[in-house]
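These are the residues of each chain, in order.
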Amino acid sequence: MRPDLTLIHRWVPEGAQVLDLACGDGTLLDALARDKGVTGYGLEIDPDGITACLERGVNVIEQDLDQGLANFDDDACDLVIMTQALQALRRPDRMLDEMLRVASEAIITFPNFAYWRHRLYLGFKGFMPVSRSLPYAWYDTPNIHLSTFNDFERLCTDKGLVITDRAVGRGDHESHWSSRLWPNLFGEIAIFRVGRGEARRHG
Amino acid sequence: MPETLPADSVGLVTPQQARFDEPLPLACGKTLPAYELVYETYGELNAERSNAVLICHALSGHHHAAGYHSPDDRKPGWWDAHIGPGKAIDTDRFFVVSLNNLGGCHGSTGPCHINPETGRLWGPEFPVMTVGDWVDSQVRLADRLGIERFAAVVGGSLGGMQVLQWAMRYPERIANAVVIAATPRLTAQNIAFNEVARQAIRSDPDFHGGWYAAHDTVPRRGLKLARMVGHITYLSEHSMGAKFGRDLRSDELNFGYDVEFQVESYLRYQGDAFSTAFDANTYLLMTKALDYFDPAADHQGDLAAALAPASCRFLVVSFSTDWRFTPERSRELVDALMRARKPVSYAAIDSPHGHDAFLLPDQRYGAVFGGFMKRVARDLGLEERH
């Protein structure tokens, strides 16, 4: 399993009702169902991903995330997960609102644009970074809203959301002290666990 | 039939008949004293009787879903694209049961049979059937075949409604539900099209209030018109355009009302063929069954509440250009299933073929349908039979 998924797997509580946005081939939901009795649905638009989910027995719904989550009630589930998809959405900020309307907690991962290799790439080569976590050229990338650890934290603060956990994944410095101290510089993949703020919780 | 049988065909099949003498109470308040169901089976029922799949047919469908009745048959059964060795419903793994519904005109008890109480044809006196009535009769067929629980109940269009009814009314008897190109209820527009079809039939002078057989005639013009209207709703604007465009039968306009455009010729041909092959009273009652289906109605319009008793896994499939039962109707069903926290998967297949797409082969449709059925087989521990 991808390192960011392994970490998320640890964070998800037993028996949770989960919505996995852009669930891919259903690896995470499948593992969560088997290991932790988690139930829920994956949303996906990639035909191969959907077929893989069906063969695995993962509940998958063909749904375009850019159309929002209007078909889900408030508090429809316990937890919403979105791995490596926020940066590809038209309005990540609105999706964040939607995620925390549908559940009280969300886990989000995305490529950290401020990762030191990306900085070096852009700083010295002068080209848009191409890396393991950002494997596309600027013209064909689905990643239209790249951001950094710091950007995401600021967005959460602006929205009054509470960051309950954060981690980095899949970098050379994954478990190194440097990425824990300076995740914005040494974390290749940003992993956040976010909850509703006070106002939301009581409103 | 092709000269040599394709390897993925179920081959030659023979319909079977089952007679039921226990009266069947119907939604309309009447009771069918006794009845016969005609059905076909493909594949073999395993020792545990756990590998049975029930096929529910649509408006003009019947029991002959796959294979050939004789080597002279020009075409195989109506769902041959998806039933057979190695196909989505893999007959190397599953035992498939496909029947003709009550009220039909392909062998099961219906308007063309004798009403034992009057000694004459049922004709228009055959009770109006509901989806629920059909499912009740299908359960008895399952009992007869010794099938306690279907591995899957599968159907497209009106067949999909029967699948939903199974899931809600007999949750313990169905492990998986496959609902294709269907809807949890008709829209006003759907009912309107059905009413045009019914009026076409009923206003034909040869209809005689449904007693046309006694007058030794058939309301051919009415049936033809009904089918022409229906057929338009089965195709998409795109598929009709691609097939016929504005092509003319001859090179020039002839300023008259005979067939000029190819599409006119096609519709007339389809209508004519149908009018000699299908029974008018059956067509009327099948459209009524469609109109009446609305499981949410008994739950203040709450479809999720209606679906609450279901305990099977669902697969819902829609087609992008289906304007008869649009993808939005399938979404409505999927959203209700998710609200009811039922295990459900949904695929929206991109297809140019309109409602008819559910009958046709298509790579992605096959992958989705086959992928789900593969998982069904694996969960039941069904190994390929060789």
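As the structure is a computational prediction, the values presented were derived from the model and not from experiment.

Q: If you had to explain the pattern of salt bridges to someone new, which residues and values would you point to?
A: According to the stated counting rule, one finds 33 salt bridges over all chains in the structure shown. Between R339(B) and D73(A) there is a salt bridge, with its nearest N and O atoms 3.4 Å apart. In this pair, R339(B) sits in helix α9 (residues 327–339) while D73(A) sits in the loop between β3 (60–62) and β4 (79–83), so the two residues belong to two different chains. Ionic pairing is found between R101(A) and E98(A), a salt bridge with its closest N-O pair at 2.8 Å.

Q: How would you summarise the pairing of strand β5 (residues 105–111) of chain A if you had to cite specific residues and measurements?
A: All names here are of chain A. Within β5, seven of the seven residues are buried, which leaves the element mostly enclosed by the surrounding structure. On β5, burial covers both faces: E105, I107, T109 and P111 on one face and A106, I108 and F110 on the other are all buried. Alignment of β4 against β5, held across five bridges, turns out to be parallel. Following the sheet pairing, T83 is matched in β5 by T109. Considered for its hand, the β-α-β crossover made up of β4, helix α4 (residues 92–102) and β5 is right-handed.

Q: Would you mind going over a nonpolar patch on the surface in detail, with residue names and values included?
A: On the surface, a cluster of nonpolar side chains totalling about 580 Å² of accessible area is made up of L122(A), M128(A), W138(A), Y139(A) and L146(A). Mapped onto the secondary structure, Y139(A) falls in the loop between α5 (116–125) and α6 (149–158).

Q: How would you explain helix α5 (residues 237–244) of chain B if you had to name every residue and give the values?
A: Count 3.6 residues to each turn of an α-helix, and residues three or four apart come out pointing the same way. All names here are of chain B. Listed as buried for α5 are S239, M240 and F244. Projected down its long axis, α5 carries its buried residues within an arc of 105°, all on one side. Counted as exposed and oriented over 90 degrees from the buried face of α5: E237, H238 and A242. Residues of α5 that are buried in the fold lie against α4 (220–234) and α6 (262–277). With its phi angle positive at about 50°, G245 sits one or two positions after the end of α5.

Q: Can you tell me about the packing of aromatic side chains, naming the residues and giving the values?
A: Taken as a whole and assessed by the stated rule, the structure comprises 22 aromatic pairs over all chains. Seen in terms of ring centroids, W79(B) and F358(B) are 6.5 Å apart; in terms of plane orientation they differ by 70°. Their pairing is edge-to-face. Taken as a pair, W79(B) in the loop between β5 (52–56) and β6 (83–84) and F358(B) in the loop between β12 (344–349) and α10 (363–379) lie far apart in primary sequence, 279 residues in all. An identical accessibility class is assigned to W79(B) and F358(B); each is buried. Here the aromatic cluster, defined as three or more aromatic residues joined through ring pairs, consists of W78(B), W79(B), F319(B), F358(B), Y365(B) and F369(B). Stacked on the ring of Y121(A), the Lys or Arg K125(A) has its end atom at 4.3 Å from the ring centre. Across the ring face of F20(B), the terminal group of R144(B) is positioned such that the distance to the ring centre comes to 4.2 Å.

Q: I'd like to hear about the interface of chain A and chain B, residue by residue, with values.
A: Often, the extent of an interface is quoted as the loss of accessible area on bringing the components together. At the interface, 20 residues of chain A touch 24 residues of chain B. By the criterion of area lost to chain B, the three top residues of chain A are L54(A), E55(A) and E62(A), representing 34% of everything that side buries. Along the contact surface separating chain A from chain B lie three salt bridges. Between the two partners, chain A and chain B, sit 14 residue pairs in polar contact (both at pLDDT 80 or more). For the side of chain A that touches chain B, the elements supplying multiple residues, two or more each, are α3 (47–56) and β3 of chain A. A total of six residues in the side of chain A that touches chain B trace back to one element, the largest contributor, which is α3(A). The residue makeup of the side of chain A that touches chain B, split by class, is 10 nonpolar, six polar and four charged.

Q: Residue-level account of the confidence of the model for chain B, with values.
A: When pLDDT is averaged along chain B, the result is 96, and 99% of the positions lie at 70 or above. What the predictor reports for the complex is a pTM of 0.95 with an ipTM of 0.94.

Q: Give me the state of the cysteines: which residues, what numbers.
A: Enumeration over the complete set of coordinates arrives at zero disulfides over all chains. As a non-bridged cysteine, C53(A) has C23(A) as the owner of its nearest cysteine sulfur, 3.9 Å distant. Owing to a relative accessible area of 0%, C53(A) belongs among the buried residues under this scheme. With no disulfide of its own, C105(B) lies closest to C112(B) among cysteine sulfurs, the gap being 5.9 Å.

Parameters at a glance
Residues numbered from 1 in each chain as written. Chains lettered and ligands numbered in written order. Predicted model: local features only at pLDDT ≥ 70, side-chain atom pairs only at ≥ 80, totals over all residues. Heavy atoms only, no water. Salt bridge = Lys/Arg side-chain N within 4 Å of Asp/Glu carboxyl O. Helix = DSSP H or I, 4+ residues; strand = E, 2+ residues; numbered from the N terminus. Buried < 20%, exposed > 50% of the residue type's maximum accessible area, 1.4 Å probe, protein only. Pairing = 2+ DSSP bridges. Right-handed = clockwise from strand over helix to strand, strands pointing away. Patch = residues over 30% accessible without salt bridge, like charges linked within 9 Å, V, L, I, M, F, W, Y side chains within 5 Å. Areas by Shrake-Rupley, 256 points an atom, 1.4 Å probe, with all protein chains shown as cover. Arc of directions from axis to C-beta. Contact = heavy atoms within 4.5 Å. Phe/Tyr/Trp six-rings, centres within 6.5 Å; stacked < 30°, edge-to-face > 60°. Lys NZ or Arg CZ within 6 Å of the ring centre and 35° of its normal. Buried area = accessible area lost by both parts, 1.4 Å probe. Polar contact = N/O pair within 3.5 Å; in protein donor to acceptor, adjacent residues only side chain to side chain. Nonpolar A, V, L, I, M, F, W, Y, C, P; charged D, E, K, R; others polar. pLDDT = per-residue confidence, 0-100. Disulfide = S-S within 2.5 Å.

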